[in-house]
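Coordinate inspection notes
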Amino acid sequence: MAVASFVLGLLGLLVLNVFLGPVAIVLAGLALLRGTGRRGRALLGLGLGIADLVVLAAFVTADNTLSWSIAG
């Protein structure tokens, strides 16, 4: 779960951050509660999940919509 959280958090920075961010946060939390041996990956997944939501909030405040595009 820790590795999945890390991968989903990383992907969430690029696409579907509204879905992948919270999933990464939940998976990281579950991995940490279960006492995973990959604590660093779980913490990175947690941080990336939170970063996904921060990026989403920044884009929402910039153009007042949930969708965003790089082409702008």
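Below is a short write-up of the structure.

Take the packing of aromatic side chains next. Scanning the entire structure with this criterion turns up zero aromatic pairs. In this arrangement the basic side chain of arginine 41 is found over the ring face of phenylalanine 6, its NZ or CZ atom lying 5.9 Å from the centre.

When you line up the elements, glycine 29 lands in helix α2 (residues 17-33). On the basis of relative accessible area, glycine 29 is assigned to the partly exposed category, the value being 26%. Put simply, glycine 29 and alanine 2 are 27 residues apart on the chain and 8.7 Å apart in space, counted from C-alpha to C-alpha.

This part covers the packing of helix α1 (residues 2-12) against helix α3 (residues 39-63). Contact pair α1 / α3: the axes reach a minimum separation of 7 Å and the direction vectors enclose 25°. Relative to α3, the element α1 lies roughly parallel. Relative to α3, α1 is oriented so that their crossing is left-handed. Along its contact with α1, which presents Ala2, Val3, Ser5, Phe6, Leu8, Gly9, Leu10 and Gly12, the element α3 presents Arg41, Ala42, Leu44, Gly45, Leu46, Leu48, Gly49 and Asp52. The class makeup of the residues in the contact of α1 with α3 is nine nonpolar, five polar and two charged.

Rules and cut-offs
- Residues numbered from 1 in each chain as written.
- Predicted model: local features only at pLDDT ≥ 70, side-chain atom pairs only at ≥ 80, totals over all residues.
- Heavy atoms only, no water.
- Phe/Tyr/Trp six-rings, centres within 6.5 Å; stacked < 30°, edge-to-face > 60°.
- Lys NZ or Arg CZ within 6 Å of the ring centre and 35° of its normal.
- Helix = DSSP H or I, 4+ residues; strand = E, 2+ residues; numbered from the N terminus.
- Buried < 20%, exposed > 50% of the residue type's maximum accessible area, 1.4 Å probe, protein only.
- Axes fitted to C-alpha atoms, helices over the stretch in contact; angles between N-to-C directions.
- Parallel < 35°, antiparallel > 145°, perpendicular 65-115°, else oblique.
- Left-handed = near helix turned anticlockwise from the far one by under 90°.
- Contact = heavy atoms within 4.5 Å.
- Nonpolar A, V, L, I, M, F, W, Y, C, P; charged D, E, K, R; others polar.

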